Amino acid sequence: MYQIVSSTVGDFGIGAMSHYSPPKQKRVGRPRRAVIKASVLGVILVLAAIVAWCYYSASLHKANLLTTERLDLNKDGFVIRNQAGFVIFKMAFRSGTLDLDSCSKEGQILRCDKSIAGNINFFIETVKPKDTVECYRVRWDELEEHRLVEHVMSCSGSHWYGGAETWLQHWPIVLKGQQEPKPFITGDIHSNYQAFGGILERYWLSSNATAIKINDSVPFHLGWDEMNRTLWFQARYDDSPYRPDPGNPHHVTLSYRVCVGHDITSIHKYMVRRYFNKPNKVPSEAVFRQPMWSTKALEEVNEERILKYASDIQKNGFNCSHLELYDRYTSGYGEFELDPIKFPNASAMFQKLRDDGFQVTLWTHPFVNYNSVNFGVGVEQGLFVRVPSSQLPALVRWWNGIAGILDFTNPEARDWYALNLRTLKNKYGVVSFKFDAGETSYLPQQFSTFVPLQDPSTFTRRYTEMALPFNDRAELRSGYQSQNISCFFRIIDRDSLWGYTLGLKSIIPTVLTISILGYQFILPDIIGGSTTSNLTGLPDRELYIRWLELSAFMPAMQFSLPPWHYDDEVVNIAKKFTALHESLVAPRVLELAGEVLYTGDPIIRPLWWIATDDEAAYKIDSQFLIGDDLLVAPVLEPGKQERDIYLPAGRWRSYKGEYYKGDKGPIYLTDYPVDLDEVAYFVWSG
């Protein structure tokens, strides 16, 4: 069937095989076998070297890929170094690690699209907005549904400031225990000590000249760990009051910016100018100069008692300045008319107060109690925060009862509320209002608003905007992105105590904190605190005096419990320090207040503001600066008429006329004498 053809050279067919006879094999000797083995081993070594070189080259490439000028990225997090090469910032990825094989480098952007848990969109971009500042934009988009993102910032090796008012306020921040991340939203720390306070911003600053700002769009939760000295930054929607974007309901993003400067003061100035709102005007000069008087401490509020309170202010030789009518002046909470039983001649009373030189403000709030005549109006017109998927008002409990809370995302609710305030203002000649509450914590757990709130703290922002028409003498106690509201922001109510838990020692740390957050027109709480703790019904006498002295060096002073309830000595001390406030403090504060409109720099400043290279200055929480040249060191301990004082390097003149020269470094004054009627303060003398 097949024709067999003779083969030619190179053929391997059947024909070729039929003519081929293999030669007889010769036995290979021992020397030749050794040569062959050596050759094979050499080939293996060469191949291994090639593989090792390729792996080494790839490793070098990857290492270069994950490094920018001063940032090193690894699968578990990143570090930032300063110009000297020292690590000044550490961030760890707690919710997942990067798949480095998915990473690439494009100019100053490091980008990855996978983690060990799935698909992500991650990048760090280096930007240099100016020669003295370097910033890093960080973003982690979790593309897998129902996952959270958590990054952990190390606080070790530096001191941190910022964040929020807290129940136990320290300067710098002190981490206590371990707290799982919880919603970073405004709250009333007086009623819930575990909440964040009524004034807060997503901003922190460190002594390593590093600042971090969390983006506004993040569903932001904050936790911490005392043992490891870490802050936990978490983004999530599950089990959270934050609401996702309806167009992207399940994917979570954590994004923030880290900026590094030459020193803490310069980097803070950059961040404030770049990211914070600025007020557009300075509030009433008179409020800076003369004390406010509140009726909060009165046992009863009625026409007779208010007129007597005003008369006593005059009789005891104090300025007829700003009188605040606090609470209990209406028949019900949510009404905007004075109680006709308590105030039968309200118009005449207000006229008498004006004739005596008082500028009167009224207390107000966002609640309408269910038994108020305006509750039905609010339900009918849809003015309240609602039950989800319903037109029913969501009832809330506050310190004066059960109420509907006005929905300030609704233009009709804003107009209704503003109209009632204007009517009060015009009818009685009052000049402004004290806007109480406004914290997110007073919203119900489940709620619906006219404009959906992805970030619940936006409610606080909308409430603070109601003060805009009255901002010359208005007062707020809550704030979120509200630095442009040009009115006084009051720290939360203090108790009549000496310590850090809402006591006298907490005032300086709290004022410094909200100053760093961009709120500069600060009103400390009423002198002596809001509650009493002894049988006389009065705060401790010495505590009251030391509180009064500290308040005299704040941007504004506020009395409620009057000094004449003690004795003539207390009255004389009060006169001395209200006069000192008007002659020494207020002019300097007003000068700085004008600068705030352009710079946002604090009026009340920490000592490190002018001593950035001094470790001691970062830890002092009982002294402060007004501007750069007035240093205040009040006595904050019971039974003390002396205190230790730190003076930054430079030349200072004391209030007693003493001169101190610290040309080679800071000066420490031990047991410096300060009498009961004194505050130690020092003026920069060059």
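Just so you know, these numbers come straight off a predicted model, no measurement behind them. (Residues numbered from 1 in each chain as written. Predicted model: local features only at pLDDT ≥ 70, side-chain atom pairs only at ≥ 80, totals over all residues. Heavy atoms only, no water.)

Visitor: Describe the sheet that holds strand β10 (residues 178-183), listing the residues and the values that go with them.
Guide: With antiparallel pairing, the 7 strands of this open sheet are ordered in space as β1-β2-β3-β8-β14-β13-β10. Both edges of this open sheet fall to β1 (71-74) and β10, since each of them pairs with a single strand only. If you compare each strand with its neighbour and ignore which way they point, the axes differ by 15° on average. Relative to strand β14 (residues 230-235), strand β8 (residues 149-154) runs antiparallel, the two being bridged by 6 bridges. What sits directly across from glutamate 150, in β14, is glutamine 234. (Pairing = 2+ DSSP bridges. Helix = DSSP H or I, 4+ residues; strand = E, 2+ residues; numbered from the N terminus. Axes fitted to C-alpha atoms, helices over the stretch in contact; angles between N-to-C directions.)

Visitor: Provide a residue-level description of the pairing of strand β6 (residues 118-130), including the pertinent values.
Guide: Of the pairings in the sheet, the one linking strand β5 (residues 109-115) to β6 comprises 6 bridges and is antiparallel in character. Considered in β6, the bridge of leucine 110 is made with isoleucine 124. What sits between β5 and β6 in their antiparallel hairpin is a turn of 2 residues. For β6 and strand β7 (residues 133-142), the ladder comprises 9 bridges, and the chain directions are antiparallel. Bridge assignment links isoleucine 120 to a residue of β7, and that residue is glutamate 142. From the end of β6 to the start of β7, which pair antiparallel, there are 2 residues.

Visitor: Help me get a handle on helix α11 (residues 541-551), residues and values and all.
Guide: Summarising burial for α11: 9 of the 11 residues are buried, a large majority. For α11, the full list of buried residues reads Leu543, Tyr544, Ile545, Arg546, Trp547, Leu548, Glu549, Leu550 and Ser551. Against the buried residues of α11 lie α10 (507-516), β26 (558-559), α12 (568-599) and β28 (624-626). One side-chain oxygen of the residue at the start of α11 lies 3.2 Å from the amide nitrogen of glutamate 542, identifying that residue as aspartate 540. (Buried < 20%, exposed > 50% of the residue type's maximum accessible area, 1.4 Å probe, protein only. Contact = heavy atoms within 4.5 Å. Polar contact = N/O pair within 3.5 Å; in protein donor to acceptor, adjacent residues only side chain to side chain.)

Visitor: An account of the packing of helix α5 (residues 303-315) against helix α6 (residues 346-355) is needed here, citing residue identities and associated values.
Guide: When two helices pack together, you describe them by how their axes are tilted relative to each other and by the distance separating the axes. One can describe the packing of α5 onto α6 by two numbers: an axis separation of 11 Å at closest approach and a directional angle of 5°. Compared by their axis directions, α5 and α6 come out roughly parallel. On α6, the residues that touch Glu303, Ile306, Leu307 and Ala310 of α5 are Ala346, Met349, Lys352 and Leu353. The class makeup of the residues in the contact of α5 with α6 is 6 nonpolar, no polar and 2 charged. (Parallel < 35°, antiparallel > 145°, perpendicular 65-115°, else oblique. Nonpolar A, V, L, I, M, F, W, Y, C, P; charged D, E, K, R; others polar.)

Visitor: Tell me about the state of the cysteines, and name the residues and values.
Guide: Applying the stated criterion across every chain, the model contains 2 disulfides. Put simply, cysteine 103 and cysteine 112 are joined by a disulfide, and their sulfur atoms are 2.0 Å apart. Taking the sign of the torsion about the S-S bond as the criterion, the disulfide between cysteine 103 and cysteine 112, at about 105°, is right-handed. By relative accessible area, cysteine 103 is classed as buried at 8%. One disulfide bridge connects cysteine 135 with cysteine 259, the sulfur atoms lying 2.1 Å from each other. The sign of the 110° torsion about the S-S bond sets the cysteine 135-cysteine 259 disulfide as right-handed. Here the residue cysteine 135 occupies a position in strand β7, and cysteine 259 occupies one in strand β15 (residues 252-260), the gap between them amounting to 124 residues. A relative accessible area of 0% means that cysteine 135 is categorised as buried. (Disulfide = S-S within 2.5 Å.)

Visitor: Describe the pattern of salt bridges, and please don't skip the residues or the numbers.
Guide: Tallying each qualifying case throughout the model produces 42 salt bridges. Here glutamate 465 ties to arginine 461 by a salt bridge, and the two come within 2.9 Å at their closest N and O atoms. Looking at arginine 461, the relative accessible area reads 14%, which means it is buried. Salt-bridge contacts for glutamate 569 lead to arginine 541; the nearest nitrogen and oxygen are separated by 2.5 Å. Here glutamate 569, found in helix α12, pairs with arginine 541, found in helix α11; they are 28 residues apart in sequence, far enough to count as distant. For arginine 541, a relative accessible area of 27% puts it in the partly exposed group. What you see here is one network of salt bridges that share partners, running through Asp188, Lys296, Glu324, Lys434, Asp436, Glu439, Glu475, Arg477, Arg490, Asp493 and Asp525. (Salt bridge = Lys/Arg side-chain N within 4 Å of Asp/Glu carboxyl O.)

Visitor: Please provide a residue-by-residue account of the packing of α11 against α12, values included.
Guide: Relative to each other, α11 and α12 sit at 10°, their axes nearing to 9 Å. With respect to α12, the element α11 is oriented roughly parallel. Of the residues in α12, those in contact with Arg541, Tyr544, Ile545, Leu548, Glu549 and Ser551 of α11 are Glu569, Val570, Ile573, Ala574, Phe577 and His581. Partitioning the contact of α11 with α12 into residue classes produces 7 nonpolar, 2 polar and 3 charged.

Visitor: Hey, could you go over unusual backbone geometry for me, with residue numbers and the actual values?
Guide: Each neighbour pair has its own omega, and for tryptophan 171 with proline 172 the value is 0°, a cis peptide bond. The residue proline 172 is located in the loop between β9 (160-164) and β10 in this model. The phi dihedral of histidine 146 falls on the positive side, at around 60°, and the residue is not glycine. In this structure, histidine 146 sits in the loop between β7 and β8. One non-glycine residue, aspartate 327, lies in positive phi territory at about 60°. Mapped onto the secondary structure, aspartate 327 falls in the loop between β17 (322-325) and α6. The buried category is assigned to aspartate 327, whose relative accessible area is 7%.

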